[in-house]
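Overview (structure and organization)
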Amino acid sequence: MSTALPTGPKNARIAIVGMGPARDEIASGHYFSGPSGQILDRALNANGLTRKDVYVTNVHDGFLAPGTSLFSLPSNVLHNSISRLRRELQAVRPNVVMPLGDEPLQVICGLSGITKWRGSILEAKSDFIPGLKCVPSIHTAWILRGMWKWFGVFAHIDLPRVIEESKTREIKLPIRNAVTGPGKSTTLDYLADCEKSETIAFDIEGTGEITCCGFAYSPNHAICIPFTHQDLSPYWSLPDEAIIWRAVARVLQSNVKKIGHRIEYDWLHFWKHKVYPANMYIDLHKLHHTLYPDFGESEDIYGRRKPKWDEPGHSLALITSQYTRTPYYKDDGRKWSPKLGEHQFWRYNTFDCMIPMEAGPKMAEEAREANLWDIYINYKQRQFPHMLRMEWFGVSIDLDMRAQASVELAAQAAETQNNINKKLGYNLNVNSPKQVMDLLYNRMKLKPKINKQTGKKTADKYALMDFADQTQDEVLLWIRELRSTLDLKGDIVDQQLGPENHMHTHYGYTDTHRWTSSASILGSGTNLQNIPVRGIARKLFIP
């Protein structure tokens, strides 16, 4: 047999769709009969289901080697596979389909980016099966490849959503009302209502300047108050803008409880505009970290750090899929776009207010039931103002010592580089992965170290440290030393300072609730936790 067959009842309310069978599934004759099927069984069992309760099939019924794309198949083969899948699902008529992985998502819904769209309630594309309800998730084979933290998302967030949605074929999404492009009276009336509310959510857009600010006192209604148009021209006349800013300040500085996601970003930017928010109640990022510390860190605000694909994180996109029925929206106007227009950008801003208003109370209730609310209050909420002030004021720097340190480290780096080049007989760029891998694996013939996430050879700092320790090779020790010197010079000594010549840092949490530090939200600074105890670097900082 060169193909495998689906399993499950022909009248199942849930259909699960993967990519294509591996060799063990071809051998058994059934889809998901190998290790990835065992992951699926664990998740089903955790939700009180078995294979007898769900219909399980694949886009392609023939052997698909690991790492092979569905779209690399001959076009006629792929077309026939999709047609067969369509006929299967039309015969079964499930209430909901669960595409597993990015390519089944593309085939059925015409969307790409499974970690974005997973958990969203979607409709199949019109040329597949119009009106078919779908809730995609990651493929269980992906979990097997070192992405174990995603099992919790698959089994305890996405699959329960699928089970709930299987009660009916109807696609019914929440209605969110967004006020965009408001006039002066509408804006002032809404802010007055916010001031009378017990709890509000707010969110700003803009990096340097605040281009707009959203407010919500309900999960289903929010306003976006623009300060500039898309071309950065003023939205208000100067007198009206002054009135609006005073009303915004009254709301933010009132005792009304405030909800947001990564709320320190908004808080500090208002400080820059002489507005001082009060009474932070729920920061969704911090509360979600309290509830799910093993989900790791969230997305990097500035995109300076590559995302850790093996960690689900605590992004607003994940929280939206977990606590609301609103599909993924974070690409719908996140940045100014002439194609989308400014009203779409402002609408996006309102969703970043309405979603926290719905998710925040649900998360608080979950934390109380899990006896974690006090941990959030004591270790996150009460520390919030202190962390913020530390970031705002920063650390004083001895500028003369800084200049001296930069010169000394540059000389030290040049000397070490010269030693490496002389020893090798050619110039080596120690920060070039390609050149360092050539040295390690082609010239020195060392046994390759493999990156577990990519499955490819690596010459990262951990591999280099291991090789240097194991071999005690003079050149490798020099390379390690040079990289360390260059990192110290670039990351600490030559780092951009704030306008008052202070070093700033942003504080966060590890999965064990210890503090971490990174570049400041204010646009300068760096991680201050890895400064060597010995040497000139520590002398830069004035107590």
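The text that follows walks through the structure, step by step, so that each part is easy to find.

Conventions used here
Residues numbered from 1 in each chain as written. Predicted model: local features only at pLDDT ≥ 70, side-chain atom pairs only at ≥ 80, totals over all residues. Heavy atoms only, no water. Pairing = 2+ DSSP bridges. Helix = DSSP H or I, 4+ residues; strand = E, 2+ residues; numbered from the N terminus. Buried < 20%, exposed > 50% of the residue type's maximum accessible area, 1.4 Å probe, protein only. Salt bridge = Lys/Arg side-chain N within 4 Å of Asp/Glu carboxyl O. Axes fitted to C-alpha atoms, helices over the stretch in contact; angles between N-to-C directions. Phe/Tyr/Trp six-rings, centres within 6.5 Å; stacked < 30°, edge-to-face > 60°. Lys NZ or Arg CZ within 6 Å of the ring centre and 35° of its normal.

Another point: the sheet that holds strand β16 (residues 541-542). Taken together, the three strands give an open sheet; going across it, the order is β13-β12-β16, and neighbouring strands pair in antiparallel fashion. The open sheet terminates on both sides in strands that have one partner only, identified here as β13 (502-503) and β16. Where strand β12 (residues 395-397) lies against β16, two bridges are found, and the strand directions are antiparallel. Paired with Ile-397 across the two strands is Phe-541, which belongs to β16.

Take the pairing of strand β14 (residues 506-509) next. Residue alternation in β14 divides its side chains into two sets, His-506 and Gly-508 and Tyr-507 and Tyr-509, and both sets are buried. By the bridge criterion, four bridges tie β14 to strand β15 (residues 515-518) in an arrangement that is antiparallel. Within the sheet, the bridge partner assigned to Tyr-509 lies in β15 and is Trp-515. Joining the antiparallel neighbours β14 and β15 is a turn of five residues, in which His-513 adopts a positive phi near 70°.

Inspection of the entire model under this criterion finds 20 salt bridges. The residue Arg-118 makes a salt bridge to Asp-158 at a minimum N-O spacing of 2.7 Å. One end of the pair, Arg-118, is in the loop between α5 (114-117) and β4 (122-123); the other, Asp-158, is in helix α7 (residues 150-165), and 40 residues separate them in sequence. Among the residues examined, Arg-118 registers a relative accessible area of 2% and is labelled buried. Between Lys-489 and Asp-494 there is a salt bridge whose closest N-O contact spans 2.6 Å. Taken together, the shared-partner salt bridges connect Lys-133, Glu-165 and Arg-325 into one network.

Time to look at the sheet that holds strand β9 (residues 221-226). The strand order across the open sheet formed by six strands is β6-β9-β8-β7-β10-β11, and the pairing between neighbours is mixed. Whereas interior strands pair on both sides, the edge strands pair on one side only; in this sheet they are β6 (177-179) and β11 (280-283). This sheet shows a mean twist of 25° between the axes of neighbouring strands, independent of strand direction. For β6 and β9, the ladder comprises three bridges, and the chain directions are parallel. Its bridge partner lying in β9, Asn-177 is registered against His-221.

As enumerated under the stated definition, the model contains 20 aromatic pairs in all. Ring centres 6.4 Å apart and planes at 25° place the aromatic pair Phe-202 and Phe-215 in the stacked group. On the criterion of sequence distance, the pair formed by Phe-202 in strand β7 (residues 199-205) and Phe-215 in strand β8 (residues 212-218) is long-range, its members being 13 residues apart. No difference in accessibility class separates Phe-202 from Phe-215, as the two residues are buried. Residues Tyr-507 and Trp-515 carry aromatic rings whose centres are separated by 5.4 Å and whose planes lie at 50° to one another, so their mutual orientation is tilted. When its relative accessible area of 28% is taken as the criterion, Trp-515 is described as partly exposed. Over the face of the ring belonging to Tyr-281 we find Lys-257, whose NZ or CZ atom lies 4.7 Å from the ring centre. The side chain of Lys-449 reaches across the aromatic face of Phe-467, ending 5.1 Å from its centre.

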